[in-house]
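Secondary and tertiary structure notes
In case you want the letters, here they are:
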Protein chains: 2
Amino acid sequence: MRYKLLPDGGRQIMAYLVPGDFCDLHVSILGEMDHGIGALSACEVAYISRRTFEDLTTNRPAITRALWWATLVDEGTLREWLVNMGRRPADQQMAHLFCELLVRLQSVGLATQTSYEFPLTQAELADTLGVSDVHVNRMLQQLRADGLITLQGKRLTIPDVERLHEFAGFDPNYLHLTKRRGNGNDRASRNGMAQS
Amino acid sequence: MRYKLLPDGGRQIMAYLVPGDFCDLHVSILGEMDHGIGALSACEVAYISRRTFEDLTTNRPAITRALWWATLVDEGTLREWLVNMGRRPADQQMAHLFCELLVRLQSVGLATQTSYEFPLTQAELADTLGVSDVHVNRMLQQLRADGLITLQGKRLTIPDVERLHEFAGFDPNYLHLTKRRGNGNDRASRNGMAQS
DNA sequence: CGTGCCGTTGAGCGTTGTCAACCAGTGTGG
DNA sequence: CCACACTGGTTGACAACGCTCAACGGCACG
């Protein structure tokens, strides 16, 4: 995840990273990090040396373009999150996040048609959605009571994906996933390599 | 501005563009726009043809890097806005926006040390901050009463910039402006051209 | 068998939203 | 020159959403 800490001790989570995502392309270009990065579950991290990066961005325009593409998708996601926080009540907001994670995890082969591992605590959800943890708890119960989700142990299941989309006002176009094959492993295209 | 419209008629504004900013680098890379762009005041727009763009991104790595840099700064701004909406009450949120605009407008020579033209309506502010227009009105009055801002006609003045920063919890580091000269015209560096 | 994390619940309060009305300024057409 | 409509800002009353504080229970871990 990406996050920022505030003077008053508050934390705002601004992004979730799934396998295949880049976590700090910023540093190479901007020279400085303006936020923190943390792991919410076991992670495997690949390093690209500064020299390699410099080499790629000066000599390999197609790859540079693919990396740029990845940051633009991140940007699109941030915009959608902004809409989420600004214009939707907490329950729809949470439902929207669940929809997004389903699609993104499917694209890397980490979700079935209707469910995925969900290791987040309610406090972390609260720091993501900009609401209190108590309120997250109540909204979760409501979503469960309405049959929109089930959350047992660490697994989130969405019985009727279409209905949750409807409820959350979710439209995955902002993720810029290329739609083809339905086999749940679309990683190459998500990373934009295929087009370049 | 960048914005999205929702099915219920709501609008969320996700970014303000000041002179020198790029408005749709996305299209060339992502191939599709996922949000709308609108003008809030008279604008002058420069077009770059697709062919020129293709040429730049394949043959001019330094310029490509500068463009990429610009999108990364936009991304940083989006993250800060997310923090703003998630973790700050409406009054501080508005103050934070005023602080950001002061710095950004100064960097393109459109603001004095303490004031700038502010053409937004309260309804537009509301759509930016994710609150109702009535509430914007009341928070504005409060900021005025506290002597943090004055807003006469279309001009916003910040009598004590340091105090407003304090109140809003504003730290301009996320804008990645290079600090040098204090003359309020720092456009070249803001666009990242100087470094490349 | 303690300790700590996480989830859950209740009560009361504060911020913010909704609805509705009103006012000032501006432009328009008769 | 004067209705008229329209936009943008302002105000009041009330409801609703979400927060804070506080306590408690289950569970894993040492």
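Residues numbered from 1 in each chain as written. Chains lettered and ligands numbered in written order. Predicted model: local features only at pLDDT ≥ 70, side-chain atom pairs only at ≥ 80, totals over all residues. Heavy atoms only, no water.

Describing the protein's contact with DNA strand C
The environment of DNA strand C is formed by 14 residues, the closest being Q122(A), N137(A), R138(A), Q141(A) and S132(B). The sugar-phosphate backbone supplies 62% of the atoms of DNA strand C found within 4 Å of the protein. Between a phosphate oxygen of DNA strand C and a side-chain N or O atom of Q122(A), the distance comes to 2.6 Å. Residue Q141(A) places a side-chain N or O atom 2.5 Å away from a phosphate oxygen belonging to DNA strand C. Every element with two or more residues in the surface near DNA strand C is listed here: α6 (133–145) of chain A together with α6 (133–145) of chain B. Element by element, the count of residues in the surface near DNA strand C is highest for α6(A), at five residues. (Near = heavy atom within 4 Å. Polar contact = N/O pair within 3.5 Å; in protein donor to acceptor, adjacent residues only side chain to side chain. Helix = DSSP H or I, 4+ residues; strand = E, 2+ residues; numbered from the N terminus.)

Comments concerning the protein's contact with DNA strand D
Neighbouring DNA strand D are 14 residues; S132(A), Q122(B), N137(B), R138(B) and Q141(B) lie closest to it. Here the atoms of DNA strand D within 4 Å of the protein split so that 61% fall in sugar or phosphate, with bases taking the remainder. Between DNA strand D and S132(A), the relevant distance is 2.9 Å, taken from a phosphate oxygen to a main-chain nitrogen or oxygen of the residue. Elements with a contribution of two residues or more to the surface near DNA strand D: α6 of chain A together with α6 of chain B. Per-element tally for the surface near DNA strand D: the top contributor is α6(B), with five residues. Counted by class, the surface near DNA strand D contains five nonpolar, seven polar and two charged residues. (Nonpolar A, V, L, I, M, F, W, Y, C, P; charged D, E, K, R; others polar.)

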